[in-house]
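Results of the structural survey
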Amino acid sequence: MTSAVLGADFPARPVRMVIPIGPGSSMDITGRVVAQKMNETWNQPVVVDNRPGAGGNIGADVVAKAQPNGYTVLFCSSSLAISRSAYRKLPYDPLRDLEPVTQISSRGNVLVVHPSLPVSSVKELIALARAKPGQLSFGSGGGSGSSDHLVGELFNLMAGVNITHVPYKSGPQAQNDLVGGQIQVYFGGIPVNLPMIKAGKVKPLGVSLARRSPLLPDVPTVAEAGVPGYEVNVWYGLFAPRGTPQPLVARIAADVSRQLKSPEMQERFAGLGVDAAGTTPAEFGVLFRTEVEMWAKVVKAANVRLD
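Residues numbered from 1 in each chain as written. Predicted model: local features only at pLDDT ≥ 70, side-chain atom pairs only at ≥ 80, totals over all residues. Heavy atoms only, no water.

Let us look at the overall build of the chain. When helices and strands are counted, the chain shows 13 helices and 11 strands. The globule rule puts the C-alpha radius of gyration for 307 residues at 19 Å, and the 19 Å found for the chain is close to it. For the chain, the spread of C-alpha atoms along the three principal axes comes to 65 × 40 × 30 Å. Counting only residues that meet the buried cut, the chain has 58% of its 307 residues in that class. Taking all contacts inside the chain whose residues are at least 6 apart in sequence as the whole, residues at least 24 apart take part in 77%. Accessible surface computed for the chain: about 12,400 Å², of which carbon and sulfur atoms make up 53%. Side-chain charges of the chain comprise 29 positive and 23 negative groups, with the mean position of each set lying 4 Å from the other. (Helix = DSSP H or I, 4+ residues; strand = E, 2+ residues; numbered from the N terminus. Rg over C-alpha atoms; globule rule 2.2 N^0.38 Å. Buried < 20%, exposed > 50% of the residue type's maximum accessible area, 1.4 Å probe, protein only. Contact = heavy atoms within 4.5 Å. Areas by Shrake-Rupley, 256 points an atom, 1.4 Å probe, with all protein chains shown as cover. Lys, Arg positive; Asp, Glu negative; His and termini not counted. Charge placed at Lys NZ, Arg CZ, Asp CG, Glu CD.)

Quick look at the side chain of Glu153 now. Here Glu153 is to be found in helix α7 (residues 147–159). Arg305 provides the closest opposite charge to the buried, unpaired Glu153, separated from it by 13 Å. Each residue touching Glu153, except ones within four places of it in the same chain, is listed here: Phe138, His165, Ala302 and Val304. (Salt bridge = Lys/Arg side-chain N within 4 Å of Asp/Glu carboxyl O.)

Right, let's get into the pattern of salt bridges. Counted according to the given criterion, the structure contains 14 salt bridges. Here Asp49 and Arg51 are joined by a salt bridge, their closest N and O atoms 3.2 Å apart. A residue is classified by how much of its surface remains accessible, and Asp49, at 16% relative accessible area, is buried. In the salt-bridge network here, residues are joined through shared partners; they are Arg16, Asp49 and Arg51.

Before going further, it helps to spend a moment on helix α8 (residues 171–180). Where α8 is concerned, the buried positions are Gly171, Ala174, Gln175 and Leu178. One side of α8 carries all its buried residues, which in axial view fall inside an arc of 100°. In the core, the buried residues of α8 are packed alongside β5 (109–113), β6 (137–141), β7 (164–168), β8 (185–189) and α9 (190–198). Positioned one or two residues after α8, Gly181 has a phi angle of 90°, which is positive. (Arc of directions from axis to C-beta.)

Its location among the elements puts Ile252 in helix α11 (residues 246–260). By relative accessible area, Ile252 is classed as buried at 2%.

The six strands are arranged β2-β1-β3-β10-β4-β11 in an open sheet whose pairing can be described as mixed. The two strands at the open ends of the sheet, each matched to only one other strand, are β2 (46–50) and β11 (274–276). Strand-to-strand, the axes of this sheet are offset by a mean angle of 30°, without reference to chain direction. As paired elements, strand β3 (residues 72–77) and strand β10 (residues 234–241) share four bridges and run antiparallel to each other. Looking at β10, one finds that Ser77 is bridged to Tyr236. Its contacts with the sheet put helix α12 (residues 263–272) on β4 (98–107) and β11, and the angle it makes with β11 is roughly 160°. (Pairing = 2+ DSSP bridges. Axes fitted to C-alpha atoms, helices over the stretch in contact; angles between N-to-C directions.)

As structure tokens, this is what we get:
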């Protein structure tokens, strides 16, 4: 086996990192930090290519069909685990056509509402939603079938409410309509919501994690605020096209993991509201398959079927 296949000479040219969401979203912000560090590690440009739309499937399909040589990778979220069951027909199969490389990080979502909405807690939001079924709406960055979408649908299911979903291509787009009053609720990533929360433009009611976020210590978890058992930890991860040589996959995973575990990156990620991971390809593969099965149950229960 040649040194090129083993990854010893990799990368010899720029690497493209496809991020399947619009610029400015929590995932995009985190992905660009990783791209910058890998640029420094490899001494080659890591070029971010935003391909938003269809719940992340447009970007994922680009990578699934790319040459399996390590020069095109996918930086995506838990949305990829949702797509397989949420969409009636996909041009690719996430399990068959993509190779898990490493889990980059995990982060929570925060439930925020427009300041004019007459609620100050999760319980009050549930009461209002039950009094006005289908009249309130929640936005999701990444569109239908994204992790933000299913985080909201899981809330609907477990809280026994019907808050209508409105899809957006990015977190900032959903956020802008929330601030403008076009939607009343947004269950997006903590990183993208933090500046608006600090500015008082949106009102936080709860975080999706099992424990309170250090960035929002006064905001309760959704579970403690009125929906027992509710917990969603959205991950970000790196994938390569299926068929990428395993030594090369291992080399990329090791290089990225080394950076993620550095004190500098741990601190930088904490400031973004995400926890750095850096798992092996095998560990990430187990997580991915587990989440595909888990989200399939939520998709079925919420009757989410997308074209």
